[in-house]
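Listed below, chain by chain, are the residues.
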Amino acid sequence: MHNWLASHDGDEDAMAAPSSCPASSENGSRLESRRIFGDITTNRLWTFRVLMNQDLASNEQLAIVGNCEALGNWQHSGATILSKNEENDEYSNLWTGEIYIPRHCDTEYRYMVCAVDPGTEQLIVRRWETQLQPRIVKELDEQPAKNQSDIFGSFNGQEKVDRGWLTKETLVQLKFFYAPFTFKQRMKRRHIQVKVTPMNLSIPSAGCDTMLPSSPMEDSLSNDTHDTKENGGESSTAFAFSEVVTLSADECEIRSQEQFGTGCGPTDLVIFHLTVGDFENTAYLIDLYSYSSRVAREDGPPNHLGYHYVLPNLFKRSEGNLELPITCAKGHRPLGMMRLGYLIVKPSSLCALMDMSVSYARYWNNKWTGLDVGHRGSGTSFKAKDAVIRENTITSLKNAAEHGADMVEFDVQLSKDLVPVVYHDFMIYVSLKSKCSMQEHDFLALPMRELSLEQLKKLKVYHIAEGLSRETRSFHNDDCLEHQPFPQLCDVLDALDVHVGFNIEIKWSQRLEDGKMEEEFEHVVDRNLYIDCILDVILRKAGNRRIVLSCFDPDICTILRFKQNRYPVMFLTLGRTTKYQKYMDPRGNSMELAVWHAVAMEFLGVVAHTEDLLRDPSQVNLAKERGLVLFCWGDDNNSKDTIKLLKELGLHAIIYDKMDVLTTKEVKQSVFHLQAKDSQKELLKLQALEMGHVWHTSADGNEEQQA
């Protein structure tokens, strides 16, 4: 497991893209290995060589992308595919490409593993190098010797490779939790192994060689004796990548499926991770296998028990559950039932705003430890009677920043007209009359998402605590605009200093362990659309701000991770708790499962519940040993002693109320602001040296410039 807690990577952590060489804005697709010719007065021919020491699937290839036109101007679609050396066994893992690059400026570049969808000729990014600083060919560099080459993923002593994000393809996850099978009595104790194969449903046009899928019997029985050729190898198999992960200590990284599937036992949480090129024309063949109690695994293949085809029209929404019959592989009669969950992640429409110049998805500077994060800005305002600033307002966020918060945490959800607004609770109360005093029937409880932005701004809206208690609260300067509830996310991004980090919690109601929803009503907005609306604002407005995205819903976290390649995602968890009801989805109900899920989906880390950490502080190491960043939340954090203890345990950030009271900072500035000042100081030093000036330190410790 790579340790993603980076030191510097040669940059002071500003979220800015590397510079680009002058180039045309057209980024034509480079989908075959070739020389790219140009004017030799402005370009020079450069041979790129890279050793690939990782396994590749049959249709995966190495490509190069960079900051000039010949390398795609950092757009994945303009990358150049390299050629594999087939001549010498000694260099069989060597990939090369001869490319004309600019002569009069530095050329920055990264390597990536890609695949080309044969149906659309679209290039998809399977995994790519994500060091904060890219590789570079400097203007005055000479061509290295032929026996010198780069190593994929390894650069400047750091090995960093991340999975790609969705560009044109679709991610389908099928979840088999706790052996969700129902069989006849004699089958109940069988240990079941599951394999999922994406199948092509497209009907060929006249003269096309593509064949329709074969019969269920032929497909299922063929899997008994040999591997189905992966990734489009057979005419009936769809262009797809079929992978799987088991949420356990030893198997929590996504891997290729084995020939006879993956064990789905009573204690197993198994997620099939399927990257599909043509979602509308892809079905999923689920094969079930089992070893007889009389036959050991090493003695031969397992029995093929049954199968089921899942057609794409069964996926009505972005997520849900399916009850599916199991058909006997031999007699083709009903054998039992299985229940599985699914998640569909579609690519964002904002791909043009995402390039390969830089990624912070798993970047964390090792100087960033024990950060102070303002909970809802200056704290929860409806639990404490002495709160004078309303929570989750621009004023509350600014106040926390002014008292030294490194980051501010706040909640984002959508209004009825799909505008991202900052607000915590799912339910609100609306006044039915214009009165100074409230009566019992003067209020209507509504889901916040049932009101448009204009209604939220104009109506007299009360917090759920006010509605339940029938006692209104007043806050300082409540009529001022920045003190008002429901600020738009775009306005918050504009209003706060860019050096204040944001921990944006995406609100999404989950089903609780007893089957009820956190809010009384089911979601009406699809998950993909919901996240697209929020990411649209962030990608357009965030600039260089440090942002961490988080959510209690593990599938929302997965969607956030694979829809974009820029911002890190952290999984919010309950852990073992006596204060809150558990969720039906088990992944956030224990620190172990949360860590394994975060590793599997390549999140930056976990936001743990402090109640659980105080119960067992050794859980801090459980996350850190996996290279994960660890934040914490909870009412227990509202104590100077607890904050001190958590920092001593090595947490990367503590989220708490009342920054003005509980912080121990002497300098009331964020760590990002202080680092930016240090970077500016170093830059001025370099400029002064170039101009012949001398720097010295004065008696008061300040650095001054002398001619």
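Residues numbered from 1 in each chain as written. Predicted model: local features only at pLDDT ≥ 70, side-chain atom pairs only at ≥ 80, totals over all residues. Heavy atoms only, no water.

- Looking at an unreviewed UniProt entry, the protein carries the name Glycerophosphocholine phosphodiesterase GPCPD1 isoform X1, with the source organism given as Drosophila mauritiana.
- For the record of the protein, the UniProt heading Sequence similarities (unreviewed entry) holds the text "Belongs to the glycerophosphoryl diester phosphodiesterase family." (UniProt positions renumbered as here; feature names shortened; annotations may be inferred.)

**Description of the overall build of the protein**
Move 1: Assigned secondary structure in the protein consists of 13 helices and 37 strands.
Move 2: Here the protein, with 707 residues, has 56% of them falling under the buried criterion.
Move 3: Contacts in the protein between residues far apart in sequence, at least 24 positions, make up 72% of those at least 6 positions apart.
Move 4: Carbon and sulfur atoms make up 49% of the accessible area of the protein, which totals about 31200 Å². (Helix = DSSP H or I, 4+ residues; strand = E, 2+ residues; numbered from the N terminus. Buried < 20%, exposed > 50% of the residue type's maximum accessible area, 1.4 Å probe, protein only. Contact = heavy atoms within 4.5 Å. Areas by Shrake-Rupley, 256 points an atom, 1.4 Å probe, with all protein chains shown as cover.)

**Points about helix H11 (residues 640-648)**
Given 3.6 residues per turn, any residue in an α-helix points the same way as the ones three and four places further on.
Move 1: Among the residues making up H11, those that are buried are Thr642, Ile643 and Leu646. The arc that holds the buried residues of H11, viewed along the axis, is 100°, so those residues lie on one side. For H11, the exposed residues lying more than 90 degrees away from the buried face are Asp641, Lys644 and Glu648.
Move 2: The inward-facing, buried residues of H11 abut helix H9 (610-615), strand E34 (629-633), strand E35 (653-656) and helix H12 (659-662).
Move 3: At the exit of H11 stands glycine 650, carrying a positive phi of roughly 95°. (Arc of directions from axis to C-beta.)

**Some thoughts on the side chain of histidine 273**
Move 1: With respect to the element layout, histidine 273 can be found in strand E19 (residues 269-276).
Move 2: Within polar-contact distance, the side chain of histidine 273 engages the side chain of glutamine 173 at 3.1 Å.
Move 3: Every residue in contact with histidine 273, bar those within four places of it in the chain, is listed here: Arg163, Leu171, Val172, Gln173, Phe241, Ser242, Glu243, Val244, Ile254, Phe562 and Met601. (Polar contact = N/O pair within 3.5 Å; in protein donor to acceptor, adjacent residues only side chain to side chain.)

**Considerations on the nonpolar core**
Move 1: Counting 89 residues, the largest nonpolar core has Phe410 and Ile504 as the members making the most contacts within it.
Move 2: Contact partners of isoleucine 504, with chain neighbours within four places excluded, come to Phe410, Val412, Leu489, Ile538, Ile547, Val548, Leu549 and Ser550.
Move 3: In terms of nonpolar packing, the next biggest core, distinct from the first, is built from 32 residues, Val172, Phe181, Tyr284 and Ile286 among them. (Core = buried A, V, L, I, M, F, W, Y, C linked by side-chain atoms within 4.5 Å.)

**What to know about the packing of helix H6 (residues 527-541) against helix H7 (residues 554-563)**
Axis angle and axis distance: for two packed helices, these are the angle between their axes and the distance between the axes, and together they describe the pair.
Move 1: Two numbers describe how H6 lies on H7: the axes approach to 10 Å, and their chain directions differ by 55°. In this view, H6 runs oblique relative to H7, as classed from their interaxial angle. Considering how the two elements wind past one another, H6 and H7 form a crossing that is right-handed. Contact residues: H6 offers Arg527, Asn528, Ile531, Asp532 and Leu535, while H7 offers Asp555, Ile556, Ile559, Leu560 and Lys563.
Move 2: When grouped by side-chain class, the residues that make up the contact of H6 with H7 number 5 nonpolar, 1 polar and 4 charged. (Axes fitted to C-alpha atoms, helices over the stretch in contact; angles between N-to-C directions. Parallel < 35°, antiparallel > 145°, perpendicular 65-115°, else oblique. Left-handed = near helix turned anticlockwise from the far one by under 90°. Nonpolar A, V, L, I, M, F, W, Y, C, P; charged D, E, K, R; others polar.)

**Observations regarding H6**
Move 1: Look at H6: 22 Å from first C-alpha to last across 15 residues, which is about the 21 Å you get at 1.5 Å a residue.
Move 2: Most of H6 sits inside the fold, with 11 of its 15 residues counted as buried.
Move 3: Residues Arg527, Asn528, Tyr530, Ile531, Asp532, Cys533, Ile534, Leu535, Val537, Ile538 and Leu539 constitute the buried set of H6.
Move 4: Of the residues that open H6, the one with a side-chain oxygen 3.0 Å from the backbone nitrogen of asparagine 528 is aspartate 526. (Expected span 1.5 Å × (residues − 1).)

**Some thoughts on the pairing of strand E20 (residues 282-290)**
Move 1: Burial of E20 is extensive: 9 of the 9 residues sit out of reach of the surface.
Move 2: Pairing geometry for strand E15 (residues 193-200) and E20, over 8 bridges, is antiparallel. Note on E20: the bridge partner recorded for asparagine 200 is threonine 282.
Move 3: Two elements, E20 and strand E21 (residues 303-310), share 7 bridges in a ladder whose sense is antiparallel. When the sheet's bridge partners are listed, aspartate 287 is paired in E21 with tyrosine 307. (Pairing = 2+ DSSP bridges.)

**What about the confidence of the model for the protein?**
Move 1: Confidence along the protein averages 86 in pLDDT terms, with 83% of residues attaining 70 or more.
Move 2: Note that residues 22-35 has pLDDT below 50 and, in this model, 37 contacts with residues that lie over four places away or in other chains.
Move 3: Low pLDDT, under 50, characterises residues 208-234; the predicted model gives this stretch 63 contacts beyond four residues in sequence or across chains. (pLDDT = per-residue confidence, 0-100.)

**Things to note about the pairing of strand E2 (residues 61-66)**
Move 1: For E2, a buried count of 5 out of 6 residues is recorded, marking the element as mostly surrounded by other parts of the structure.
Move 2: Bridge analysis of E2 against strand E6 (residues 107-116) gives 6 bridges, and the strand direction is antiparallel. Each bridged residue has a counterpart across the sheet, and for glycine 66 the counterpart in E6 is tyrosine 109.
Move 3: Of the pairings in the sheet, the one linking E2 to strand E3 (residues 80-81) comprises 2 bridges and is antiparallel in character. Residue pairing in the sheet places isoleucine 64 in a bridge with threonine 80 of E3.

**Observations concerning the environment of histidine 483**
Move 1: Tracing the backbone shows histidine 483 in the loop between helix H4 (464-469) and helix H5 (489-495).
Move 2: As a C-alpha pair, histidine 483 and isoleucine 389 span 94 residues in sequence and 7.5 Å in three-dimensional space.
Move 3: Ignoring any residue separated from it by four or fewer positions in sequence, one finds histidine 483 in contact with Arg390, Thr393, Thr395, His476, Asn477 and Asp478.
Move 4: Within the local environment of histidine 483, its side chain forms a polar contact with the side chain of threonine 395, the two groups lying 3.3 Å apart.

**Here we look at the packing of aromatic side chains**
Move 1: Tallying each qualifying case throughout the model produces 22 aromatic pairs.
Move 2: When the ring of phenylalanine 48 is compared with that of tyrosine 109, the centres are 4.9 Å apart and the planes differ by 70°; the resulting orientation is edge-to-face. With a gap of 61 residues between them, phenylalanine 48 in strand E1 (residues 43-51) and tyrosine 109 in strand E6 connect regions that are remote in the sequence.
Move 3: Among the aromatic side chains, those forming a connected cluster through ring pairs are Tyr360, Tyr363, Trp364, Trp368, Phe631 and Phe672.
Move 4: The cationic tip of arginine 561 hangs over the ring face of phenylalanine 562; the distance from NZ or CZ to the ring centre is 4.8 Å. (Phe/Tyr/Trp six-rings, centres within 6.5 Å; stacked < 30°, edge-to-face > 60°. Lys NZ or Arg CZ within 6 Å of the ring centre and 35° of its normal.)

**Considering the side chain of aspartate 425**
Move 1: Take aspartate 425: it is sitting in the loop between strand E26 (420-422) and strand E27 (427-431).
Move 2: For the buried aspartate 425, which has no salt bridge, the nearest side chain bearing the opposite charge is arginine 376, at an N-O separation of 5.2 Å.
Move 3: In terms of polar contacts, aspartate 425 uses its side chain to reach the side chain of histidine 424, at 3.4 Å.
Move 4: Leaving out residues up to four positions away in the same chain, aspartate 425 has contacts with Glu391, Gln413, Met448, His463 and Ile464. (Lys, Arg positive; Asp, Glu negative; His and termini not counted. Salt bridge = Lys/Arg side-chain N within 4 Å of Asp/Glu carboxyl O.)

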